[in-house]
Amino acid sequence: MLKDITIGQYFGGESFIHRLDPRNKIIMTALLMAAVFVSSGFAGYGVIALFLIICYMISGIPFRMILKSIKPIIPIIVFTSILNLFFIKEGDILFEWRFIAITDSGVRFAFFLVARIFCLVVGASLITYTTKPMELTDGIESLFGPLKRIKFPVHEVAMMMTIALRFVPTLIEETDKIMSAQKARGASLDTGGLVKRVKALIPVLIPLFISAFRRAHDLAVAMECRCYNGGEGRTKMKKLRFGFIDIIGAFAMIMLIAGIVVLNILGVV
């Protein structure tokens, strides 16, 4: 299960999407999230899903990574779907037993919610798959640069966000090693009831926290040894520039949003 968590991973490449300016990718991802929430029918989600599939094909990211990005949140999807399935009472009743009633509106909204979460997770994963952590930091810092006028620590916040994102795969790998070591010593982590499994995680969490604090300390020492003192006076080895491919990417995103708006106006479900 832990190996299926792909948050923060980067897959190198020279594709069209890899070469987009990180600022453009951040803006496009935000617009994609807005399009997901604006869409009011399955036709809109179908268009968004097709757009994401084309993006993954262009970037060269294996389609199995889509399944891996979705797999960790399957319990959340199932739980929220069941809640909407049983608690929405509007519409025609499809099934009724005692106090349980399933309506066509409940079924529709449950599938609607699954499609929304799928598009959100897959779309948000694409930016980390195709953007290096340092490029993501530079993009965030550049976009929020105007906030420096009100003394907001833009560089520090961007750096913290990127470091946190970068260390997700490292901590997942560390957790997997600790769990394997505990199992080799006879610990039972996958059997028993919920309470027993939660108690069994305590021997895993303690060394994991110790390892996380040790890595944080080593990183702080390394940054101090390299005379890191924040964003003041720092220069960039690679300056961010919008190019022709960024115009093409922005145009594609505008066309997607325009298509969603048209489908909403026409009432296509």
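Predicted model only: the values in this text are computed from it and were never measured.

Caption draft 1: View of the overall build of the chain. Helix and strand content of the chain: ten helices and two strands. Seen through its principal axes, the chain has C-alpha atoms that stretch 70 × 60 × 40 Å. Per-residue burial over the chain gives 34% buried out of 269 residues. When the accessible surface of the chain is summed, it comes to about 16700 Å², and 70% of that surface belongs to carbon and sulfur atoms. The centroid of the 30 positive side-chain charges in the chain is displaced by 4 Å from the centroid of its 19 negative side-chain charges.

Caption draft 2: Spatial organisation of the layout of surface pockets. Approximately 610 Å³ is the volume attributed to the largest pocket. Every residue lining the largest pocket is counted, 25 residues in all, and those nearest its centre are Lys-132, Glu-135, Asp-138, Lys-238 and Leu-240. For the lining of the largest pocket, the secondary-structure elements that each account for two or more residues are α6 (133-143) and α7 (154-184). Per-element tally for the lining of the largest pocket: the top contributor is α6, with four residues.

Caption draft 3: Highlighting the environment of Glu-156. Positionally, Glu-156 belongs in helix α7. Given a relative accessible area of 32%, Glu-156 falls into the partly exposed group.

Caption draft 4: Broad picture of the packing of aromatic side chains. On inspection of all chains with the given rule, the structure shows five aromatic pairs. Between Tyr-45 and Phe-112 the ring centres are 4.9 Å apart and the planes differ by 65 degrees, which places this aromatic pair in the edge-to-face class. Of this pair, Tyr-45 sits in helix α2 (residues 42-59) while Phe-112 sits in helix α5 (residues 104-130), and the two are 67 residues apart along the sequence. Of the two residues, Tyr-45 and Phe-112, neither departs from the other in class, the shared state being buried. Seen from their ring centres, Phe-109 and Phe-112 are 6.3 Å apart, and the 25 degrees between their planes marks the pair as stacked. Placement of both Phe-109 and Phe-112 in helix α5 is noted, with a separation of three residues, approximately one turn of the helix. Look at Phe-109 and you get partly exposed, because its relative accessible area is 36%. Put simply, the rings of Phe-42, Tyr-45, Phe-109 and Phe-112 pair up and form one aromatic cluster.

Caption draft 5: Representation of the nonpolar core. In terms of nonpolar packing, the biggest core is built from 32 residues, with Leu-32, Tyr-45, Ile-48 and Tyr-56 touching the most fellow members. Within the residue set of this core, elements represented by two or more residues are α1 (22-38), α2, α3 (64-70), α5 and α10 (244-266). If one sorts the elements of this core by residue count, α5 sits on top with nine residues. Ile-48 has contacts with Leu-32, Ala-35, Val-36, Cys-119, Leu-256 and Ile-260, leaving out every residue within four places of it along the chain. Of all hydrophobic cores here, the second largest spans five residues; its members include Ile-26, Ile-127, Leu-136 and Ala-158.

Caption draft 6: Up close: α1. Taking 1.5 Å per residue as the helical rise, α1 with its 17 residues ought to reach 24 Å, and the 24 Å between its terminal C-alpha atoms agrees with that figure. Buried within α1 we find Pro-22, Arg-23, Asn-24, Lys-25, Ile-26, Met-28, Thr-29, Leu-32, Met-33, Ala-35 and Val-36. Against the buried residues of α1 lie α2, α5, α6 and α10. The residue sitting at the N-terminus of α1 and contributing the capping side-chain oxygen is Asp-21; that oxygen lies 2.8 Å from the backbone nitrogen of Arg-23.

Caption draft 7: Focus on the confidence of the model for the chain. Of the residues in the chain, 93% have a pLDDT of 70 or more, and the chain-wide mean is 82. Ranking the elements of the chain by mean pLDDT puts helix α8 (residues 194-200) last with 71 and α1 first with 91.

Caption draft 8: The arrangement of the side chain of Lys-25 in detail. Mapped onto the elements, Lys-25 comes out in helix α1. Among buried Asp, Glu, Lys and Arg side chains, Lys-25 stands out as unpaired, with Glu-135 the closest opposite charge at 5.0 Å. Residues in contact with Lys-25, not counting those within four places in the same chain, are Ile-17, His-18, Leu-20, Ile-127, Thr-130 and Thr-131.

Caption draft 9: Representation of the pattern of salt bridges within the structure. Scanning the model with the defined rule gives four salt bridges in all. Put simply, Glu-173 and Lys-177 hold a salt bridge, and the shortest N to O gap is 3.7 Å. With Glu-173 and Lys-177 both in helix α7 and four residues apart, the pair spans about one turn of that helix. On the basis of relative accessibility, which here comes to 46%, the residue Glu-173 falls in the partly exposed class. For Arg-215, the salt bridge goes to Glu-174, with nearest N and O atoms at 3.0 Å. Of this pair, Arg-215 sits in helix α9 (residues 202-225) while Glu-174 sits in helix α7, and the two are 41 residues apart along the sequence. Glu-174 sits in the buried class, given a relative accessible area of 17%.

Conventions and cut-offs
Residues numbered from 1 in each chain as written. Predicted model: local features only at pLDDT ≥ 70, side-chain atom pairs only at ≥ 80, totals over all residues. Heavy atoms only, no water. Helix = DSSP H or I, 4+ residues; strand = E, 2+ residues; numbered from the N terminus. Buried < 20%, exposed > 50% of the residue type's maximum accessible area, 1.4 Å probe, protein only. Areas by Shrake-Rupley, 256 points an atom, 1.4 Å probe, with all protein chains shown as cover. Lys, Arg positive; Asp, Glu negative; His and termini not counted. Charge placed at Lys NZ, Arg CZ, Asp CG, Glu CD. 1 Å grid on protein atoms, 1.4 Å probe; cavity = no way out; pocket = protein on both sides within 12 Å on 5 of 7 lines; lining within 4 Å. Points joined across faces, edges and corners; volume = space filled by probe spheres on them. Phe/Tyr/Trp six-rings, centres within 6.5 Å; stacked < 30°, edge-to-face > 60°. Core = buried A, V, L, I, M, F, W, Y, C linked by side-chain atoms within 4.5 Å. Contact = heavy atoms within 4.5 Å. Expected span 1.5 Å × (residues − 1). Polar contact = N/O pair within 3.5 Å; in protein donor to acceptor, adjacent residues only side chain to side chain. pLDDT = per-residue confidence, 0-100. Salt bridge = Lys/Arg side-chain N within 4 Å of Asp/Glu carboxyl O.

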